[in-house]
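Residue-level structural notes
The chain contents come next:
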Amino acid sequence: MTAPVIIYGASGYTGKLIAWHLAEAGIPFIAAGRSVERLEEQMALVPELKGAAFECRAVAHEVAALTSLFTGARVVYNVAGPFSELGRPVVEAALAAGCHYLDTTGEADWMRTVRDDFGAKFAAKKLLLAPASSYMWAAGNLAAEIALETPGIDSLDILYLADSATSVASTKSFLRMCTQQQYYLENGKPAPWPMATAYPVISPDAHRLYRAVPWSGGGEPIWYEGDARVRNCETMVAFKNPLMFDAVISTLEEFQEKYAHLPNAEQVRICNELGGQMTQVEPSREDPDVNRSVISCIGRGNVSGVKVVLRGNSPYIQTGLLGAEACRRILAGQLLATGFQSPARAFGARQILNVWAEHGYHSWSAEAN
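Thresholds applied
- Residues numbered from 1 in each chain as written.
- Predicted model: local features only at pLDDT ≥ 70, side-chain atom pairs only at ≥ 80, totals over all residues.
- Heavy atoms only, no water.
- Helix = DSSP H or I, 4+ residues; strand = E, 2+ residues; numbered from the N terminus.
- Buried < 20%, exposed > 50% of the residue type's maximum accessible area, 1.4 Å probe, protein only.
- Contact = heavy atoms within 4.5 Å.
- Areas by Shrake-Rupley, 256 points an atom, 1.4 Å probe, with all protein chains shown as cover.
- Lys, Arg positive; Asp, Glu negative; His and termini not counted.
- Charge placed at Lys NZ, Arg CZ, Asp CG, Glu CD.
- Phe/Tyr/Trp six-rings, centres within 6.5 Å; stacked < 30°, edge-to-face > 60°.
- Lys NZ or Arg CZ within 6 Å of the ring centre and 35° of its normal.
- Arc of directions from axis to C-beta.
- Polar contact = N/O pair within 3.5 Å; in protein donor to acceptor, adjacent residues only side chain to side chain.

What follows deals with the overall build of the protein. On a plain count of helices and strands, the protein comes out with 14 helices and 16 strands. With respect to the principal axes defined by its C-alpha atoms, the protein has extents near 55 × 45 × 40 Å. For the protein, buried positions account for 56% of its 369 residues. Across the protein, every contact between residues at least 6 apart in sequence was considered, and the portion connecting residues at least 24 apart equals 75%. When the accessible surface of the protein is summed, it comes to about 15,100 Å², and 51% of that surface belongs to carbon and sulfur atoms. Put simply, the protein has 31 plus and 38 minus side-chain charges, and the middle of one group is 4 Å from the middle of the other.

Bringing the packing of aromatic side chains into the picture now. One pass over the full model with this rule turns up 10 aromatic pairs. One aromatic cluster is present, formed by Tyr-135, Trp-137 and Tyr-160 through successive ring pairs. The ring of Trp-20 carries the charged tip of Arg-285 above its face, separated from the ring centre by 4.0 Å.

What follows deals with unusual backbone geometry. Here Gly-81 and Pro-82 are connected by a cis peptide whose omega angle stands at 0°. With respect to the element layout, Pro-82 can be found in the loop between strand E4 (75-78) and helix H4 (83-86). With an omega of 20°, the peptide bond running from Met-136 to Trp-137 counts as cis. As for its position among the elements, Trp-137 is in helix H7 (residues 135-147). Its identity as a non-glycine residue notwithstanding, Asn-187 has a phi of 50°, on the positive side. Checked against the element boundaries, Asn-187 lands in the loop between strand E8 (183-186) and strand E9 (189-192). Even without a glycine there, the phi angle at Ala-196 is positive, about 50°. With a relative accessible area of 18%, Ala-196 lands in the buried category.

On to helix H3 (residues 63-70), then. Residues Leu-66, Thr-67, Leu-69 and Phe-70 constitute the buried set of H3. Seen from one end, H3 has its buried residues packed into an arc of 165°, which puts them on one side. Turned more than 90 degrees away from the buried face of H3, the exposed residues are Ala-64 and Ser-68. Structurally, H3 contributes buried residues whose contacts are with strand E1 (5-8), strand E2 (29-33), strand E3 (54-58), E4 and helix H5 (88-97). Between the side-chain oxygen of the N-cap and the backbone nitrogen of Ala-64 there are 3.0 Å, and the N-cap of H3 in question is Glu-62. Within two residues after H3, Gly-72 carries a phi angle of roughly 105°, on the positive side.

Shown next as structure tokens:
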């Protein structure tokens, strides 16, 4: 079977959600990973795949084998993280095979790596390179684009507040990136956040304060670095569950005290171990009545201000829908930009927002602030 889309790492929590939405969009795909047995077992758990056009393929995690598998496809959607540890062979193979590359990373350092090492190469081939094509960091990026429609806005303060359990892979990924140096954008240049530090924040939909962390600094300061429209950009992630937040901050403080001096490979091993202890089983599929989310972006200029709020639910499912919509637009010839691009630049902010709204996953508002 040949297919235009390959989901690499499809057996994981997020991979199954992208497969579900590709099937509903009628887009054939190959579910790829290290084990056919594991892939078939996990795909069988997705009821929406009954009768869908897909095939499971095992492939070695090295450039030559991946290039052979990717050749003939048009899009590679990588969901095999942690990406800083596993991503480079997949990007290299996608480039060699002439495929657009998207992934679901939340790792800001990985985003910088692919931008610096591969952005120009993908642009030269008129291919898209879009890491973080997922709820994090696409949702804040979309809110920011709406804010930037207001004349004079050049500073963005973005807050994520979601009430969903994290997957096993996501927990390992976010724990690793929170132990690395994190940056915001100040006067057009990256500036470091203090390590293992919590901040009180206010969400638009609650009276009480929450606590937040930079969560690797977010993807938005990277998307807007070098963008003439934006001088300042900060992104933070708040937790509704105070016990979980306490556990995260405690772990980050422990890491800084005991492990921050170790070589990078050892730090990654320890983060994976600690993350595996925090989240040991995959969560159930999200429930819109339970797993709600709020994204707020406060935009400021010299004398202007705007607040954009995205109220939604099921962030992981939003990622699955975004993945399918991104593939649909690429295959339909509706890609707006190539090279290293944010989802908003590649597909259009309002276009993505409209798709999420049509499926009942979010609504948004903007008002002068």
